[in-house]
Amino acid sequence: MAKENTRHIDIRLKHGAFAAFFRPFKVGGKKYAGLDFSEITALRQLLSNEKARILWTLQNKKPSSIYELAKILHRDFKSVRDDVELLKQFGFIRFIRESKGKRQRLKPIINFEKIHITVSL
């Protein structure tokens, strides 16, 4: 990673329940809009233990493809691909296109260094 990227998530008390807002950010010139999680459960799905395992594995094992990532995690390929797509959608990871012979594969890599969560009451 060339420079530090931080994802900001604000959690606020709203009508007796927590609501989360994912602040807008830029990655490689592409703007990602902010996202309002009306329920904290949506944020929990994004920051689940399975997603944390994926991020940790990408950071420490550096798999060369989603298939290799699924093998390392001992998880079904489709489930890992769905989780990776969600992480990509929120700018947590990105893909690098690599060629191996005539085949091309997408190598997932982490796209940020920090998640900053602020809780306001």
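The structure under discussion appears in the preceding block.
Residues numbered from 1 in each chain as written. Predicted model: local features only at pLDDT ≥ 70, side-chain atom pairs only at ≥ 80, totals over all residues. Heavy atoms only, no water.

J.: How should the pairing of strand β2 (residues 17-22) be read in this particular structure?
T.: Regular strands show a simple pattern: their side chains alternate between the two faces of the sheet. Here strand β1 (residues 6-14) pairs with β2 via 6 bridges, running antiparallel. Bridge assignment links Arg-12 to a residue of β2, and that residue is Ala-19. What sits between the antiparallel neighbours β1 and β2 is a turn of 2 residues, in which His-15 has the positive phi angle 55°. (Pairing = 2+ DSSP bridges. Helix = DSSP H or I, 4+ residues; strand = E, 2+ residues; numbered from the N terminus.)

J.: It is not clear to me how the packing of aromatic side chains should be interpreted in this structure. Could you clarify?
T.: Counted under the stated rule, the structure contains 1 aromatic pair. Note on Phe-92 and Phe-112: the rings are 4.8 Å apart at their centroids and 50° apart in plane angle, and the pair reads as tilted. Here the residue Phe-92 occupies a position in the loop between α4 (77-89) and β6 (93-100), and Phe-112 occupies one in the loop between β7 (103-110) and β8 (114-120), the gap between them amounting to 20 residues. The pair formed by Phe-92 and Phe-112 is uniform in burial state, with each residue classed as buried. (Phe/Tyr/Trp six-rings, centres within 6.5 Å; stacked < 30°, edge-to-face > 60°. Buried < 20%, exposed > 50% of the residue type's maximum accessible area, 1.4 Å probe, protein only.)

J.: Help me understand the environment of Val-80, please; the structure alone is not making it clear to me.
T.: In this structure, Val-80 sits in helix α4. Setting aside residues up to four positions removed in sequence, Val-80 forms contacts with Ile-54, Ile-66, Leu-69, Ala-70, Leu-73 and Arg-75. (Contact = heavy atoms within 4.5 Å.)

J.: In this structure, what is going on with a nonpolar patch on the surface? I would like to understand it.
T.: A grouping of Leu-13, Phe-18, Leu-47, Ile-115, Ile-117, Val-119 and Leu-121 is seen on the molecular surface, where their side chains present a nonpolar patch of about 650 Å² in accessible area. A total of 3 residues in the nonpolar patch trace back to one element, the largest contributor, which is β8. Note that Ile-117 resides in strand β8. A residue is classified by how much of its surface remains accessible, and Ile-117, at 38% relative accessible area, is partly exposed. (Patch = residues over 30% accessible without salt bridge, like charges linked within 9 Å, V, L, I, M, F, W, Y side chains within 5 Å. Areas by Shrake-Rupley, 256 points an atom, 1.4 Å probe, with all protein chains shown as cover. Salt bridge = Lys/Arg side-chain N within 4 Å of Asp/Glu carboxyl O.)

J.: Can you help me understand unusual backbone geometry in this one?
T.: With the exception of glycine, most residues fall at negative phi, and the peptide bonds are largely trans. A positive phi angle, close to 50°, is found at Lys-62, a residue other than glycine. Here Lys-62 shows up in the loop between α2 (49-60) and α3 (66-73).

J.: In this structure, what is going on with the packing of α2 against α3? I would like to understand it.
T.: Two numbers describe a pair of packed helices, the interaxial angle and the distance between the axes. As a packed pair, α2 and α3 sit with axes 11 Å apart at the nearest point and diverge in direction by 110°. As summarised for this structure, α2 and α3 are arranged roughly perpendicular, according to the angle between their axes. When you trace α2 past α3, the crossing you get is right-handed. On the side of α2, the interface is formed by Arg-53, Ile-54, Thr-57 and Leu-58, while α3 contributes Leu-69, Ile-72 and Leu-73. Tallied by class, residues from the contact of α2 with α3 come to 5 nonpolar, 1 polar and 1 charged. (Axes fitted to C-alpha atoms, helices over the stretch in contact; angles between N-to-C directions. Parallel < 35°, antiparallel > 145°, perpendicular 65-115°, else oblique. Left-handed = near helix turned anticlockwise from the far one by under 90°. Nonpolar A, V, L, I, M, F, W, Y, C, P; charged D, E, K, R; others polar.)

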